[in-house]
Amino acid sequence: MVDLFNSIESIINQIISPLNWVMLFLIIGGGIYLTIISKANPLMRIVSGFKLMLRKDPSSIGISRFQALSAVLAATVGLGNISGVSIAINQGGPGVLVWMWVTALIGASIKFFSASLAVNLRIKDENGDYLGGPMYYMSLGIKKWGRPLAIWFSIAGLVGVLPAFTANQLTQSYIDVLNPNEFLNLGNIGWKLIIGIVFTILTSFVIFGGLLFFIFSKVFYIHLPALLWGCLLYTSPSPRDR
């Protein structure tokens, strides 16, 4: 199984490796362009954004602004942010952090425009719920090439995220830490299969029903701040290291 994932990863790296510099210039260049034409408005409105997020929402439909933010951040803060940053610092040195901050500021402008388009160009399903995102605002906003670009974005997103690798890392972490074979010896493959089935069932409720997303957003509302503070305290240097 590990060899299969390694082979897939190697093939994907061979495909995207020539495009690394192209993507770098497009993302950085596009972010700088959007920052200039917006006069850095997304960055200047950060304080207003926090005030709006913490303001009481008069609507009782769905979840609050802070709960929505918590749900999104809970999906963002994970292996990539923790292990990815550590690997980058190990390979590139502490100076990597400066470029991370720069790209984060540029990325904020890109995210602002993306979120604005997603809100303005979206559709409703048969239940009256909104469906939005890059796939939809590409299809609705670009008449000729919108649908092919949306399909390409979806395929690229699947490869870029590729939950198979993340799920494999997560299940392997469970097995290494908990060592469930001591309680019931099913072998690593057996436990990975069981854990994978459980995650698949939970994910299907989120994707197709939306029920667990509503429940999880309530949990993340309390859990995420504690998680973030725990990461900061755990990674901060001790007095002995200073």
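What follows concerns the overall build of the protein. Within the protein one finds twelve helices and two strands. Listed N to C, the secondary structure of the protein is α-α-α-α-α-α-α-β-β-α-α-α-α-α in terms of helices and strands. For the protein, contacts bridging at least 24 residues in sequence account for 45% of all contacts bridging at least 6. As displayed, the protein has an accessible area near 18400 Å², and 70% of this comes from carbon and sulfur atoms.

This part covers a nonpolar patch on the surface. A contiguous nonpolar surface patch, about 560 Å² in accessible area, is contributed by F183, L184, L186, I194, V198 and L202. With respect to the helices, strands and loops of the structure, L186 is situated in the loop between α10 (163–178) and α11 (187–209). The exposure class of L186 is partly exposed, given its relative accessible area of 39%.

Tallied over the full model, the rule gives two aromatic pairs. Ring centres 5.7 Å apart and planes at 90° place the aromatic pair F112 and F113 in the edge-to-face group. Judged by relative accessible area, F112 falls into the partly exposed class, the value being 38%.

It is worth spelling out unusual backbone geometry at this point. Located in the positive-phi region is K39, a residue other than glycine, with phi close to 55°. Within the fold, K39 resides in the loop between α2 (20–37) and α3 (41–44). Residue K39 is classed as exposed on the basis of its relative accessible area, which comes to 72%. Phi angles above zero are rare outside glycine, and A40 is one such case at about 60°. Among the secondary structure elements, A40 is positioned in the loop between α2 and α3.

Calculation criteria
- Residues numbered from 1 in each chain as written.
- Predicted model: local features only at pLDDT ≥ 70, side-chain atom pairs only at ≥ 80, totals over all residues.
- Heavy atoms only, no water.
- Helix = DSSP H or I, 4+ residues; strand = E, 2+ residues; numbered from the N terminus.
- Contact = heavy atoms within 4.5 Å.
- Areas by Shrake-Rupley, 256 points an atom, 1.4 Å probe, with all protein chains shown as cover.
- Patch = residues over 30% accessible without salt bridge, like charges linked within 9 Å, V, L, I, M, F, W, Y side chains within 5 Å.
- Salt bridge = Lys/Arg side-chain N within 4 Å of Asp/Glu carboxyl O.
- Buried < 20%, exposed > 50% of the residue type's maximum accessible area, 1.4 Å probe, protein only.
- Phe/Tyr/Trp six-rings, centres within 6.5 Å; stacked < 30°, edge-to-face > 60°.

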